[in-house]
Amino acid sequence: MTNVENQRETEVLLPGHIPLLLKLLEDSLHADARIRHPAEDQLLKSLEPRKGYCTQMITIAVQPTIPSYIRIAAALAVKNAINRYWRNRGNPRTDCQISDEEKSSLKTQLLGVFTEQDDKIARHLSALTALIARFDYPSLWPDLIPQIQAYVQSPDKLVHLRALFTLHQVIKVLGRKRLAVDKQLFKTMASQILDFVYAFWQNSFDKILRALSDFSNQRPETLFQLKPEAETAKLTTQILHGLIIYGFNEFQDSPSIMKFLTILLEKLQACVLCRNSVPPNPLSFYLSTFIKLFGKLMFHAQTSQPLAFSSLLGHYVPYCHAQLKDYTNIQDGKFLIYCMSFLRSAIASPAYEDGSPASNFIEGYFTVDVQREILKLLVGKYFVLNQEDLNEWESAPEHFVIEESNDLTLLKPRACAEALFLVILKKFPSIRTWFLDAVKEYTLAPVATLEQALFKDAFYFAVGSASSMLELNFSAWYLGQLSDELTKGGPGHEILKRRILWLIGKWGTGLSEITCAKIYADLVSSLNDSDLAIRLTAVNSLYCLVNDSEFEANVFLPHFDSFLGSFLELLKSSSEDESVLNLVNVLSGLISQIGEKIMPFTGQIMQQSYNIWQHFPRSFLKSAIIRMLTQLVQSSGDCSIHYGILVPIIRYSTSVDNPDELYILEDGLDLWYSTGNKSWIAQLQYLANS
């Protein structure tokens, strides 16, 4: 590096450089890459390593007269620079590029902008404070928390809320540090500020609930003026969540936490009551937010420290149980998920050993009558497909089928209800016989309406979900009832047909040859159904059967010809990557099971595989196609007749220049090796071009 370049590299950025920085920031957001890329290069390579860069960028970020999009870009630029240059990593080029003086100045600037009017800018600035706290607190920034606490106590509501949000960000970042020394420092800090935050939480909630309890005498503007208090309540709840979950080894060692968790349920009940009884008002949104936050906190508190929480089970378990019965507001589905998750965790927790007070409470509360009541609720209320599900089935059948096969326990009420259902059957095995009797009673009844079909579908779903725990003669059930229902018409026929096909995937292993033959025939026949969701479900079930060690390949072989035609048509009509991936995996599994008997169909499969290869660019799909072709080549005869398809795929997958090289190179080499072994005529052109 020349002296001139070295001088330019070490030149300090001063306020006089701000116009240049503004111009570069604006250009870096330009839609035209010819303008954007040079600006990005100059910012990152020439200016970012220089002293004063962060200081001047912060000055831009806090300047209210500058457009907000440029201010946000400046804040993000500071974040990136801090990540790169704040710590000394031993690299001469990046060694302490941000001096101690500039670091101190940045800290002062960030704690002096709590009057920022723009919410987005304020959030970015708070994130910067938290980022620096991750590096410097407490050793190099010991007064951070006391300084924020001082601002939290400000009578200025804006300053108070900005400081609270910053404290929330800092707590969130520090609580996620995993080194033992960092965890201990966080626990020390948590014990010091818990009561401080709790006092604000208690005061703000008292004001809100007092006003809502006297709603008829309140004017709308009065409730609107309470929105800052609602923000305080929300932020302090989030802060307390982080402090309690990550800052204490044992809840019972802190009277404040036990008191808070007891009062939390009272506040939760009050919020639910207000939400259901008070007309829409300026605080309605916050009530729903509080309910979700409280549900999240009670669930995480129980799962993180089940023993410490055991003394509170007598209060929370009955309440969560009541929510299953009384819950009607679908807008707060997240809260319902937390209630069901709480019950599931309380029932299944390994910390509650037999004979312990917690275990005795669980056994005593969940009597046979309560077990039956909950199972009926789960099946009859939460397993039933609703109108939203039916609309998705009609408008996006591929997504509908994919979503049902994914684990969405903490995202969807039905998936969470399924998990609770399985936990009850596992914890209380004596209830299984009663449940099977209930299934027989409800599923043998004739279906005359769509509602009855949906209810029957829910029972079939329950039986399939619990297939590993129920003792059921599936062969007799299928041959005596389910197979006939596949061909019956009537209301909700498509719903029941798809569910029966889904049941096959759950129960259709280890069956007699006669039953397997009937199942395979029904699955192949269903591939000609006009409903895409039914066809995909049939393939998913076939995938489960193919992967089973007891798959009857010889029994399936007579159906393979008709299967392949319908299957390839389904492959053409599928557009979702996950659907195509599953279809390719099914075909790969069948090829593996059938072996050399696949040879008459090799040409068809090769051609369709090449079409998919060309139309689906995703690397994981290409990898699956290559593995399937490798399986096909190994099960076939002379592969030289298929060089027109195999050679381009091998050439692409083994090239170190293609963008998917990291994902498909090894699979491509396997295909190349298998193709060479299965080629009866060695062709120099093939060897050279590949």
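The structure presented is a predicted model; accordingly, all values stated were derived computationally and were not measured.

Procedures and definitions
- Residues numbered from 1 in each chain as written.
- Predicted model: local features only at pLDDT ≥ 70, side-chain atom pairs only at ≥ 80, totals over all residues.
- Heavy atoms only, no water.
- Helix = DSSP H or I, 4+ residues; strand = E, 2+ residues; numbered from the N terminus.
- Buried < 20%, exposed > 50% of the residue type's maximum accessible area, 1.4 Å probe, protein only.
- Contact = heavy atoms within 4.5 Å.
- Areas by Shrake-Rupley, 256 points an atom, 1.4 Å probe, with all protein chains shown as cover.
- Lys, Arg positive; Asp, Glu negative; His and termini not counted.
- Charge placed at Lys NZ, Arg CZ, Asp CG, Glu CD.
- Phe/Tyr/Trp six-rings, centres within 6.5 Å; stacked < 30°, edge-to-face > 60°.
- Lys NZ or Arg CZ within 6 Å of the ring centre and 35° of its normal.
- Polar contact = N/O pair within 3.5 Å; in protein donor to acceptor, adjacent residues only side chain to side chain.
- Patch = residues over 30% accessible without salt bridge, like charges linked within 9 Å, V, L, I, M, F, W, Y side chains within 5 Å.
- Salt bridge = Lys/Arg side-chain N within 4 Å of Asp/Glu carboxyl O.
- 1 Å grid on protein atoms, 1.4 Å probe; cavity = no way out; pocket = protein on both sides within 12 Å on 5 of 7 lines; lining within 4 Å.
- Points joined across faces, edges and corners; volume = space filled by probe spheres on them.
- Nonpolar A, V, L, I, M, F, W, Y, C, P; charged D, E, K, R; others polar.
- Expected span 1.5 Å × (residues − 1).
- Axes fitted to C-alpha atoms, helices over the stretch in contact; angles between N-to-C directions.
- Parallel < 35°, antiparallel > 145°, perpendicular 65-115°, else oblique.
- Left-handed = near helix turned anticlockwise from the far one by under 90°.
- pLDDT = per-residue confidence, 0-100.

### Section: the overall build of the protein
(1) Moving on: Summing up its helical and strand segments, the protein has 36 helices and zero strands in all.
(2) Moving on: The dimensions of the protein, computed from C-alpha atoms along their principal axes, are 80 × 75 × 50 Å.
(3) Moving on: Within the span of the protein, comprising 690 residues, buried residues form 53% of the whole.
(4) Moving on: In the protein, of all internal contacts separated by at least 6 residues, the share reaching a separation of at least 24 is 75%.
(5) Moving on: Put simply, the protein shows about 31800 Å² of open surface, and 53% of that area lies on carbon and sulfur atoms.
(6) Moving on: Separation of charge centres in the protein, based on 63 positive and 73 negative side chains, amounts to 5 Å.

### Comments concerning the packing of aromatic side chains
(1) Moving on: Counted by the stated rule, this structure contains 40 aromatic pairs.
(2) Moving on: Seen in terms of ring centroids, Phe474 and Trp507 are 6.0 Å apart; in terms of plane orientation they differ by 10°. Their pairing is stacked. Of the two residues, Phe474 sits in helix α25 (residues 474–487) while Trp507 sits in helix α26 (residues 493–507), which places them 33 residues apart along the sequence.
(3) Moving on: Of the aromatic side chains, those joined through ring pairs into one cluster are Tyr198, Trp201, Phe205, Phe260, Phe285, Tyr286, Phe290 and Phe294.
(4) Moving on: Across from the ring centre of Trp393, 5.2 Å away, lies the NZ or CZ of Arg498, which sits over that ring.
(5) Moving on: Between Arg499 and the ring centre of Trp502, over which it is positioned, the NZ or CZ distance is 4.8 Å.

### Brief notes about the side chain of Thr236
(1) Moving on: Among the secondary structure elements, Thr236 is positioned in helix α12 (residues 227–247).
(2) Moving on: Among the polar contacts listed, one links the side chain of Thr236 to the backbone oxygen of Ala233, at a separation of 3.1 Å.
(3) Moving on: When near neighbours in sequence (up to four residues on either side) are disregarded, Thr236 contacts Leu164, Val197, Phe200, Trp201 and Ser204.

### Section: a positive patch on the surface
(1) Moving on: Together, Lys172, Arg176, Lys296 and Lys334 give the surface a local cluster of positive charge.
(2) Moving on: Judged by relative accessible area, Arg176 falls into the exposed class, the value being 55%.

### Digging into the layout of surface pockets
(1) Moving on: Quantified by volume, the largest pocket comes out at close to 1300 Å³.
(2) Moving on: Looking at the largest pocket, it is lined by 46 residues, and the ones nearest its centre are Tyr382, Lys412, Pro413, Arg414 and Ala415.
(3) Moving on: Residue assignment for the lining of the largest pocket shows that the elements contributing at least two residues are α17 (333–348), α19 (368–382), α20 (387–395), α21 (397–405), α22 (413–427), α24 (450–465), α26 and α28 (532–546).
(4) Moving on: Considering each element in turn, the lining of the largest pocket owes the most residues, seven residues, to α22.
(5) Moving on: Class assignment of the residues belonging to the lining of the largest pocket gives a composition of 20 nonpolar, 13 polar and 13 charged.
(6) Moving on: The calculated volume of the second largest pocket comes to roughly 350 Å³.
(7) Moving on: Every residue lining the second largest pocket is counted, 14 residues in all, and those nearest its centre are Asp119, Leu161, Arg162, Glu231 and Leu235.
(8) Moving on: Mapped by element, the contributors of at least two residues to the lining of the second largest pocket are α7 (119–136), α9 (157–175) and α12.
(9) Moving on: By residue number, the principal contributor to the lining of the second largest pocket is α12, which donates five residues.

### What about the side chain of His241?
(1) Moving on: Assignment of secondary structure puts His241 in helix α12.
(2) Moving on: Setting aside residues no more than four positions away along its own chain, His241 makes contact with Lys296, Leu297 and His300.

### Looking at helix α27 (residues 513–526)
What sets the pattern is the α-helix's 3.6 residues per turn: residues three or four places apart point alike.
(1) Moving on: Compared with the 20 Å implied by 1.5 Å per residue over 14 residues, the 20 Å span of α27 between its first and last C-alpha is a close match.
(2) Moving on: Here α27 has its buried residues at Thr515, Cys516, Ile519, Tyr520, Asp522, Leu523, Val524 and Ser526.
(3) Moving on: Check the buried side of α27 and you find it contacts α25, α26, α28, α29 (553–556) and α30 (560–573).

### Looking at a nonpolar patch on the surface
(1) Moving on: Where nonpolar side chains cluster on the molecular surface, the patch consists of Leu179, Val181 and Leu185 and spans about 280 Å² of accessible area.
(2) Moving on: Mapped onto the elements, Leu179 comes out in the loop between α9 and α10 (180–213).

### Concerning the packing of α25 against α27
(1) Moving on: One can describe the packing of α25 onto α27 by two numbers: an axis separation of 11 Å at closest approach and a directional angle of 25°. Taken together, the axes of α25 and α27 are roughly parallel relative to one another. Classified by chirality, the crossing of α27 by α25 is left-handed. Across the interface between the two elements, Phe474, Ser475, Tyr478, Leu479, Ser483 and Leu486 of α25 pack against Thr515, Lys518, Ile519 and Asp522 of α27.
(2) Moving on: Of the residues that constitute the contact of α25 with α27, the class distribution is five nonpolar, three polar and two charged.

### A few points about the pattern of salt bridges
(1) Moving on: Using the criterion set out here, one finds 25 salt bridges in the structure.
(2) Moving on: Between Asp32 and Arg34 there is a salt bridge; the shortest N-O distance is 3.0 Å.
(3) Moving on: You can call Asp32 partly exposed: its relative accessible area is 22%.
(4) Moving on: When the shortest N-O distance is used, the salt bridge between Arg36 and Glu40 registers 3.9 Å.

### Brief notes about unusual backbone geometry
(1) Moving on: Cis geometry marks the peptide bond from Tyr137 to Pro138; its omega dihedral reads 0°.
(2) Moving on: With respect to the helices and strands, the residue Pro138 is situated in the loop between α7 and α8 (144–152).

### Here we look at the confidence of the model for the protein
(1) Moving on: In this model, the protein carries an average pLDDT of 90, and 95% of its residues clear a pLDDT of 70 or more.
(2) Moving on: Across residues 1–8, confidence stays below pLDDT 50; counting only partners more than four residues off in sequence or on other chains, it has three contacts.

### Describing the environment of Ala466
(1) Moving on: Relative to the helices and strands, Ala466 resides in the loop between α24 and α25.
(2) Moving on: Taking the relative accessible area as the measure of exposure, Ala466 reaches 0% and is therefore buried.
(3) Moving on: Distance in space between the C-alpha atoms of Ala466 and Val423 is 9.9 Å, their sequence separation being 43 residues.
(4) Moving on: Setting aside its immediate chain neighbours within four residues, Ala466 contacts Phe421, Leu422 and Leu425.

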